[in-house]
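Residues per chain are reported as follows:
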Amino acid sequence: MSFADNWESFFVLITFLTFGEAQIIGGIVLNLIAFGLFLGAIGYFTLTGKMAEMFGWKSKI
């Protein structure tokens, strides 16, 4: 490998680490947060709505 090849490999490595990390943080983490909020909303409406009354978790008023 020549000197230029070494710098090319170094540049590719730095580019991958920079953009790969951003993709993981921007893709996976935000999707997990959104999924958690979605499950939380389902849980909230399950425990406070008609389903809670049906199972006796909430008294009928």
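Everything discussed here concerns the structure shown above.
In this report, the structure presented in the accompanying data block is examined. Just so you know, the residues in each chain are numbered from 1, in the order the chain's sequence is written. Predicted model: local features are reported for residues with pLDDT of at least 70 only, side-chain atom pairs are reported and counted for 80 or more only, and whole-chain, interface and lining totals are derived from all residues. Excluding hydrogens and water, the side-chain values take into account all heavy atoms of the structure.

### Some thoughts on the packing of aromatic side chains
Centres within 6.5 Å make a pair out of two Phe, Tyr or Trp rings, where for Trp the six-membered ring is used; the pair is then stacked when the planes are under 30 degrees apart, edge-to-face when over 60, and tilted otherwise. A complete count under the given rule lists 1 aromatic pair for this structure. Centre to centre, the rings of Tyr44 and Phe45 are 5.1 Å apart; their planes meet at 70 degrees, and the pair counts as edge-to-face.

### Comments concerning a nonpolar patch on the surface
On the surface, Trp7, Phe10, Leu13, Ile14, Phe16 and Leu17 cluster together into a nonpolar patch covering about 650 Å² of accessible area. Relative to the helices and strands, Phe16 resides in helix H1 (residues 3-48). Buried means the residue's accessible area, taken with a 1.4 Å probe over protein chains only, is under 20% of the maximum for its type, while exposed means over 50%, and partly exposed covers the values in between. By relative accessible area, which is 59% here, Phe16 ends up exposed. Distance thresholds for patches are 9 Å for like charges and 5 Å for nonpolar side chains (Val, Leu, Ile, Met, Phe, Trp, Tyr), applied to residues having over 30% relative accessible area and no salt bridge. Computed with a 1.4 Å probe, the accessible areas rest on the Shrake-Rupley method; for each residue, only the protein chains presented here act as cover. By salt bridge we mean one thing: a side-chain nitrogen of Lys or Arg within 4 Å of a carboxyl oxygen of Asp or Glu. For helices the rule is a DSSP run of H or I covering at least 4 residues; for strands it is a run of E covering at least 2, with both sets numbered from the N terminus onward.

Purely geometric stuff here, so don't read any function into it on its own.
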